[in-house]
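# Close look at the chain arrangement
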Amino acid sequence: MDLSADLRALLPRWRIDGADMLPPSDPAHIEAVFSRLGQPATAEVLTLYTTLGGMATMDGEFWRLWSLGEVERANQGPPSEWGVQFADFLTHSHVFRLRTTDSGQSEVFADSLQLGSPPVRVAASLSEFFALYLQRPEQVLQR
């Protein structure tokens, strides 16, 4: 799985969908934001946000990657054991979280934000998440 290649393959689809893409972010800014949120910016997170700075609108699958400013606003307060919220589906039907693993990957969880309903892991890494998203988006989005 090649995260950078998968993101480059998704960019034309997102443009066709009419998703307003935000400009990429600077690596130092990405690292600072994730550090403030109590989690290191993994190599995958750096690849994601230096390729795409987020989306102003949802894509055709009703998924939206948040800007770093939105990530900071959504993750106010004490850090969650489930990681940092970074995206949503169906305008907050559920959100997606990134949690750094011991191996330095960013596993991805879908979180319905319902009390008593813990987040569900949808991918062991961002690379896996976007590889699945490219081929079978419903597999990672509709949890």
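Presented here is an overview of the structure given in this document. Keep in mind that what you see is a predicted model, and the values were worked out from it rather than measured. (Residues numbered from 1 in each chain as written. Predicted model: local features only at pLDDT ≥ 70, side-chain atom pairs only at ≥ 80, totals over all residues. Heavy atoms only, no water.)

Turning our eyes to something else, we now look at the overall build of the protein chain. Scanning the protein chain for helices and strands turns up six helices and five strands. The linear arrangement of helices and strands in the protein chain, starting from the amino end, is α-α-α-β-α-β-β-β-β-α-α. The C-alpha radius of gyration of the protein chain comes to 14 Å, within 12% of the 15 Å expected for a compact globule of 143 residues. The dimensions of the protein chain, computed from C-alpha atoms along their principal axes, are 40 × 35 × 25 Å. Taken over 143 residues, the protein chain has a buried fraction of 46%. (Helix = DSSP H or I, 4+ residues; strand = E, 2+ residues; numbered from the N terminus. Rg over C-alpha atoms; globule rule 2.2 N^0.38 Å. Buried < 20%, exposed > 50% of the residue type's maximum accessible area, 1.4 Å probe, protein only.)

Consider a sheet: its strands pair through backbone hydrogen bonds, and that pairing is either parallel or antiparallel. An order of E1-E2-E3-E4-E5 is seen for the five strands of this open sheet, with the pairing classed as antiparallel. With partners counted over all chains shown, the strands left at the sheet margins are strand E1 (63–65) and strand E5 (120–123), one partner each. Put simply, the sheet's adjacent strands are angled 35° from each other on average, direction ignored. One ladder, built from three bridges, connects E1 with strand E2 (residues 84–89); its direction is antiparallel. Residue pairing in the sheet places Arg64 in a bridge with Asp88 of E2. (Pairing = 2+ DSSP bridges. Axes fitted to C-alpha atoms, helices over the stretch in contact; angles between N-to-C directions.)

Another aspect to go through is helix H1 (residues 3–17). The first and last C-alpha atoms of H1 sit 20 Å apart over 15 residues, in line with the 21 Å expected at 1.5 Å per residue. The axis of H1 is deflected most strongly, by about 25°, at Leu11, and proline Pro12 appears within four residues downstream. Along H1, the residues that are buried comprise Leu3, Asp6, Leu7, Leu10, Leu11 and Trp14. Looking at the buried side of H1, the elements it contacts are helix H3 (43–51), E1 and helix H5 (126–135). Its side-chain oxygen at 3.2 Å from the backbone nitrogen of Ser4, Asp2 defines the N-terminal cap of H1. Positive backbone phi, approximately 90°, marks Gly18, located one or two places after H1. (Expected span 1.5 Å × (residues − 1). Bend = angle between axes of the 7 residues up to and from the residue. Contact = heavy atoms within 4.5 Å. Polar contact = N/O pair within 3.5 Å; in protein donor to acceptor, adjacent residues only side chain to side chain.)

The next point concerns the packing of aromatic side chains. The full count for this structure, using the stated rule, is eleven aromatic pairs. Between Trp63 and Phe129, the aromatic rings sit 6.0 Å apart at their centres with planes inclined by 45°, giving tilted as the arrangement. With a gap of 66 residues between them, Trp63 in strand E1 and Phe129 in helix H5 connect regions that are remote in the sequence. Classification of Phe129 as buried rests on a relative accessible area of 0%. Judged by centre distance (5.4 Å) and plane angle (50°), the ring pair of Trp63 and Tyr133 falls under tilted. In this pair, Trp63 sits in strand E1 while Tyr133 sits in helix H5, placing the two residues 70 residues apart along the sequence. Comparing Trp63 with Tyr133 shows no difference in burial state: the two are buried. What links up through ring pairs into an aromatic cluster is the set Trp14, Trp63, Phe96, Phe129, Phe130 and Tyr133. (Phe/Tyr/Trp six-rings, centres within 6.5 Å; stacked < 30°, edge-to-face > 60°.)

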